[in-house]
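Chain by chain, the residues run as shown.
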Amino acid sequence: MKWIAIAAVMSLAACAEAEPPADAAERPPGSAATEGAETAPASELSETSPTLQPMVFDEFSTVVEPGLGCGFSADEQTLFVATADPRDEVRAEGAVKLDGRLVLVTRTEAGGYDALAEGGSFRGDGGLTIGIVRAPGEGTPSRTETRAWDATLTVMHDGGRAELAGTWDCGA
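The structure presented is a predicted model; accordingly, all values stated were derived computationally and were not measured.

Conventions and cut-offs
- For every chain, the first residue of the written sequence is number 1, and numbering continues from 1 onward in sequence order.
- With pLDDT at 70 or above as the cut-off, local features in this predicted model cover only qualifying residues; side-chain atom pairs require 80 or more to be listed or tallied, and sums for whole chains, interfaces and linings still use all residues.
- The side-chain values count all of the structure's non-hydrogen atoms but skip hydrogen atoms and water molecules.
- By nonpolar core we mean a set of buried residues, namely Ala, Val, Leu, Ile, Met, Phe, Trp, Tyr and Cys, connected to one another through side-chain atoms within 4.5 Å.
- Partly exposed describes any residue whose relative accessible area lies between the buried limit of under 20% and the exposed limit of over 50%, with all areas from a 1.4 Å probe on protein chains only and scaled to the type maximum.
- Only DSSP runs of H or I with at least four residues qualify as helices, and only runs of E with at least two residues qualify as strands; both kinds are numbered from the N terminus onward.
- Sulfur atoms of two cysteines make up a disulfide when they are within 2.5 Å.
- Ring pairs shown here join Phe, Tyr and Trp side chains whose ring centres sit within 6.5 Å, with only the six-membered ring taken for Trp; geometry is labelled stacked below 30 degrees between planes, edge-to-face above 60, and tilted in between.
- Note on geometry: a ring has a charge over it if NZ (lysine) or CZ (arginine) is within 6 Å of the ring centre and within 35 degrees of the ring normal.

K.L.:
Just to check I follow, could you spell out the nonpolar core for this structure?
P.N.:
In a soluble, globular protein the nonpolar side chains are often hidden away together inside. Among the nonpolar cores identified, the biggest contains 26 residues, and Phe72, Phe80, Leu116, Phe122, Ile130 and Trp168 are the most heavily contacted of them. Elements that contribute at least two residues to this core include exactly strand S3 (69-74), strand S4 (77-83), strand S5 (93-98), strand S6 (101-107), helix H3 (112-117), strand S8 (129-134), strand S10 (146-157) and strand S11 (160-171). At 4 residues, S10 tops the list of elements feeding residues into this core. Membership of the second largest hydrophobic core comes to 6 residues, among which are Met55, Phe60, Ala95 and Leu102.

This is the structure in structure tokens:
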């Protein structure tokens, strides 16, 4: 059973690069190259408009528990990953990369994996809020045991707000 949980997080990272782009011309606007991401409270982050940066498996796998999960990606870059136990009383936990640091977030409502697959609101330290709104319906198969929906991710921090269009992939 443990290999299924590990495979779930790995499948969410399948589109993530092995390493973040080293050349500034290869990076999405607003991103920064880092020498390994550190986990930091959002209260230590900058006060500019929030810009999420791509994460790779080696970064988020150290802070996000393996299991059933979902990930948000835009332009084939993983920007948000969360996992949850299937039990209804569990709140999903995830991570984003902001200002070169991983910031941990927790879903505001319980509901386990089923609730996570619907999207929802996540909060981190210092008032960081991540919102996921996905298209209705069953989604489309994207990989083995994974479904995908068009989605919008909203990030709010320090009075700034940004919205990104992308894909919400969920599964094992």
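There is more to say, and it comes next.
K.L.:
Looking at this structure, how should I read the state of the cysteines?
P.N.:
The bond known as a disulfide is covalent and runs between the sulfur atoms of two cysteines. Per the stated rule, a full pass over the model turns up 1 disulfide. Here cysteine 70 is linked by a disulfide to cysteine 170, with a sulfur-sulfur distance of 2.0 Å. Its torsion about the S-S bond being 115°, the disulfide of cysteine 70 and cysteine 170 is classed as right-handed. Taken together, the positions of cysteine 70 in strand S3 and cysteine 170 in strand S11 put the pair 100 residues apart, joining distant regions of the chain. Under the relative-accessibility criterion, cysteine 170 is labelled buried at 2%.

K.L.:
How should the packing of aromatic side chains be read in this particular structure?
P.N.:
The description of an aromatic ring pair uses the distance of the two centres, along with the angle that the planes make with each other. Enumeration over the complete set of coordinates arrives at 3 aromatic pairs. Ring geometry for phenylalanine 80 against phenylalanine 122: centres 5.0 Å apart, planes inclined by 70°, an arrangement best described as edge-to-face. In this pair, phenylalanine 80 sits in strand S4 while phenylalanine 122 sits in strand S7 (residues 119-124), placing the two residues 42 residues apart along the sequence. Judged by relative accessible area, phenylalanine 80 falls into the buried class, the value being 0%. Each ring, one from phenylalanine 80 and one from tryptophan 168, has its centre 6.0 Å from the other, and the planes form 10°; the classification is stacked. Residue phenylalanine 80 is located in strand S4, and its partner tryptophan 168 is located in strand S11; the two are separated by 88 residues in the primary sequence. Residue classification places tryptophan 168 among the buried positions, given a relative accessible area of 0%. These aromatic residues form a ring-pair network of at least three members: Phe80, Phe122 and Trp168. For arginine 134, the ring lying beneath its charged end belongs to tryptophan 149, and the centroid distance is 4.0 Å.

Limitation: the analysis is restricted to geometry and does not speak to function.
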